[in-house]
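# Observations on the model geometry
Listed below are the residues making up each chain.
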Amino acid sequence: MKLEPQKVLEVLSQKFLMQPGIMGVSVSGSVKVYLEDWSYAWMIPETILGNSVEIHVIGRIEVLQRVRPLVGGVSVGSIHVTAGTLSHIVILPDGRPMLLSNRHVFYGDAGTPVLNPAPYDGGKLPDDVVGYVDGYIEVKPPPYLNRVDMALATPTVPVSNWIMDVGAPNGIIDAYVNMEVKKRGRTTGLTYGKIIDVNASVKVYGYEGMEYALFEDCIMTTAMAKGGDSGSTLLSMDNEIVGLIFAGNENVTVACKAVNVQEALKLLTTPTVTPLRGLATLAPIIVGTMIFSGTILKK
Amino acid sequence: MDIKTATEEARKRYLPLEGIVAVSHDGARIIFYVETEADVGKVPRMFMGYPCTAVVIGRLTRL
């Protein structure tokens, strides 16, 4: 019995992805299971749902290293930046997976290469290209009030909706004061904090071509991120997406609200974009000149 | 005037000032986040009928 690749992927994800030592699964071409090392190979059958299984030992996924399949919470950046964090994968209405991070992490015109690891962490052209900048919301100078610092990139490598050390995001939830939250970022890894404000209009320094940028309707948390953690997904303790981290200092961390990111995604990709829920999904590999076979998104 | 509108007015007036980092409210008070202790004096005690609080958090930068 042979099933559709998507069904095989769902079964694979449910059966294996929560098991220790399993780093990823894929149905790009053939069925592949990625292992931390060979000691876990005994768990993998020779065939799954009528498909032969390839085992690939890729080691333990670490944040600053090349990570394939690509997951959230790891080092990424366009060739114009030092380093940031991949938030997570969003799926467009037409089924295409997209990489989500901050605009200042995915900086550059549409078509700019995005690397994992990021340039500062040793990522190089062309071997470490994981995608190309696609749709984005430009951060504008005052008096404009920005709501999000976000951009999308089209992936060119297998991706998973997994966030390292966290698991799969599980929908979106509104932030509230005293909510306990966590994030996985390129610099400080998995950290925890508490929301201290959900209505903040903030002044953020460091954006290209302006003294500072203004953002409204932001979440402020206790300090839980440092430089290079930009783009980290802010999550509830139940893995619900709360926000997208983009600014901060040694005392506080600031995030765009998930609902505002969702609204921005709608602007870029009408109709609705929904983060994956539950099951990890690995995208088919898209290579070479075919990467822009779909519509290039740009505000 | 409700506190949301008052906070919006406070943002327009105070956020452009050097040392004022963020403006918000908690439903009862308008909260001004400032860079240093020296900036606390820039925060009004009352604004449009609402009490104000200053919180020192430092300058925010993109990460």
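Residues numbered from 1 in each chain as written. Chains lettered and ligands numbered in written order. Predicted model: local features only at pLDDT ≥ 70, side-chain atom pairs only at ≥ 80, totals over all residues. Heavy atoms only, no water.

## Some points on the nonpolar core
Generally speaking, soluble globular proteins have nonpolar side chains that are buried together. Defined as follows: Residues belong to one nonpolar core when they are buried, are Ala, Val, Leu, Ile, Met, Phe, Trp, Tyr or Cys, and are joined through side-chain atoms within 4.5 Å. Per-residue accessibility, obtained with a 1.4 Å probe over protein chains only, is compared with the maximum for each type, and a residue is labelled buried under 20%, exposed over 50%, and partly exposed between these values. A run of H or I in DSSP becomes a helix once it reaches four residues, and a run of E becomes a strand once it reaches two; helices and strands are each numbered from the N terminus. We call two residues in contact when some of their heavy atoms are within 4.5 Å.
Counting 34 residues, the largest nonpolar core has M150, V202, F215, M220 and F246 of chain A as its most contacted members. For this core, the elements supplying multiple residues, two or more each, are β9 (97-101), β16 (189-205), β17 (212-222), β19 (241-248), β20 (252-257) and α2 (258-269) of chain A together with β1 (20-25) and β2 (30-34) of chain B. Sequence-distant contacts of V202 of chain A, defined by excluding residues within four places in its chain, comprise A213, L214, F215, C218, M220 and V254 of chain A together with L15, V21, A22 and L60 of chain B. V105, Y136, A153 and M164 of chain A belong to the second-largest nonpolar core, a separate cluster that totals 22 residues.

## Considerations on the sheet that holds strand β1 (residues 22-26) of chain A
Keep this limit in mind: Pairing between strands requires that DSSP locate at least two bridges from one strand to the other.
An order of β1-β2-β4-β3 (chain A) is seen for the four strands of this open sheet, with the pairing classed as mixed. With one partner strand each, in any of the chains shown, β1 and β3 (47-48) of chain A form the two edges of the open sheet.

## Description of the side chain of T253 of chain A
Residues and elements named next belong to chain A. What counts is decided by this rule: In protein, a polar contact means a hydrogen-donor-capable atom and an acceptor-capable atom, both N or O and within 3.5 Å, with residues adjacent in sequence counting only if both atoms are side-chain atoms; elsewhere, any N or O pair within 3.5 Å suffices.
Along the chain, T253 falls in strand β20. On the basis of relative accessible area, T253 is assigned to the buried category, the value being 1%. Polar side-chain contacts of T253 include one of 3.0 Å to the backbone nitrogen of M224. Not counting residues up to four positions away in its chain, the partners in contact with T253 are I219, M220, T221, T222, A223, M224, A225, I245, A247 and G248.

## A word on the interface of chain B and chain A
Operational definition: What gets called buried area is simply the loss in accessible area from a 1.4 Å probe that two parts show on being joined, summed for both. Any carboxyl oxygen of Asp or Glu within 4 Å of a side-chain nitrogen of Lys or Arg constitutes a salt bridge here. Polarity classes work like this: nonpolar for Ala, Val, Leu, Ile, Met, Phe, Trp, Tyr, Cys and Pro, charged for Asp, Glu, Lys and Arg, and polar for all others, with Gly in that last group.
Chain B puts 23 residues into the contact, and the matching count from chain A is 31 residues. Contact between chain B and chain A buries roughly 2,100 Å² in total, counting both sides, with carbon and sulfur atoms accounting for 51%. Summed over the shared surface of chain B and chain A, the number is zero salt bridges. Our count for the chain B to chain A interface comes out at 19 residue pairs in polar contact (both at pLDDT 80 or more). The leading source of residues in the side of chain B that touches chain A is β1 of chain B, at six residues. Considered class by class, the residues forming the side of chain B that touches chain A number twelve nonpolar, five polar and six charged. As paired elements, β19 of chain A and strand β5 (residues 60-62) of chain B share two bridges and run antiparallel to each other. Within β5 of chain B, the position partnered with A247 of chain A by the bridge is R62 of chain B.

## Re the confidence of the model for chain A
Short version of the rule: Every residue is assigned a pLDDT by the predictor, reflecting its confidence on a scale from 0 to 100.
With 86% of its residues at a pLDDT of 70 or more, chain A has an overall mean of 84. Low pLDDT, under 50, characterises residues 271-299 of chain A; the predicted model gives this stretch 86 contacts beyond four residues in sequence or across chains.

## Brief notes about the pattern of salt bridges
Residue and element names in this part refer to chain A. In this structure the tally under the stated criterion is 14 salt bridges over all chains. One salt bridge in this structure joins R186 and D121, with 2.5 Å as the shortest N-O distance. Pair noted here: R186 is in the loop between β15 (180-185) and β16 and D121 is in the loop between β10 (113-115) and β11 (129-136), with a separation of 65 residues, a long-range link. A residue is classified by how much of its surface remains accessible, and R186, at 13% relative accessible area, is buried. When the shortest N-O distance is used, the salt bridge between R184 and D165 registers 2.3 Å. On the criterion of sequence distance, the pair formed by R184 in strand β15 and D165 in the loop between β14 (159-163) and β15 is long-range, its members being 19 residues apart. Residue classification places D165 among the partly exposed residues on the basis of a relative accessible area of 43%. Linked through salt bridges whose partners overlap, the residues forming this network are R147, E216, D217 and K257.

## Notes on the packing of aromatic side chains
Residues and elements named next belong to chain A. Condition: The criterion for an aromatic pair is that two Phe, Tyr or Trp rings (for Trp, the six-membered ring) have centres within 6.5 Å, with stacked assigned to planes under 30 degrees apart, edge-to-face to planes over 60 apart and tilted to the rest.
Scanning the model with the defined rule gives five aromatic pairs over all chains in all. Taking the centre distance of 4.5 Å and the plane angle of 50° together, the rings of F215 and F246 count as tilted. Linking F215 in strand β17 with F246 in strand β19, this pair joins segments that are 31 residues apart in sequence. For the residue pair F215 and F246, the accessibility class agrees, reading buried in each case.

## Here we look at the pairing of β17 of chain A
All names here are of chain A. Burial within β17 is extensive, with ten of its eleven residues counted as buried. As paired elements, strand β12 (residues 145-146) and β17 share two bridges and run parallel to each other. What sits directly across from L145, in β17, is L214. Between β16 and β17, which follow one another and run antiparallel, lie six residues, and G206 among them has a positive phi close to 110°.

## Here's the deal with unusual backbone geometry
Residue and element names in this part refer to chain A. Here the bond from R68 into P69 is cis, since omega is -5°, no more than 30 degrees from zero. As for its placement among the helices and strands, P69 is situated in the loop between β4 (51-57) and β5 (70-72). Look at the link from N116 to P117: it is a cis peptide, with omega at -5°. Structurally, P117 is set in the loop between β10 and β11. Located in the positive-phi region is L49, a residue other than glycine, with phi close to 50°. Mapped onto the secondary structure, L49 falls in the loop between β3 and β4.

## Observations concerning helix α1 (residues 3-14) of chain B
The line we're drawing: Expected helix span is given by 1.5 Å per residue-to-residue step, counting one fewer step than there are residues. Comment: arc refers to directions from the helix axis out to C-beta atoms.
Compared with an ideal rise of 1.5 Å per residue, which puts twelve residues at 16 Å, α1 of chain B spans 16 Å between its outermost C-alpha atoms and is within 8% of the ideal. Within α1 of chain B the residues assigned to the buried category are I3, A6, T7, A10, R11 and Y14 of chain B. Within α1 of chain B, the buried residues cover an arc of 145° as seen down the axis, which keeps them to one side. Buried positions along α1 of chain B lie against β12 and β16 of chain A together with β1, β2, β3 (46-47) and β4 (50-56) of chain B.

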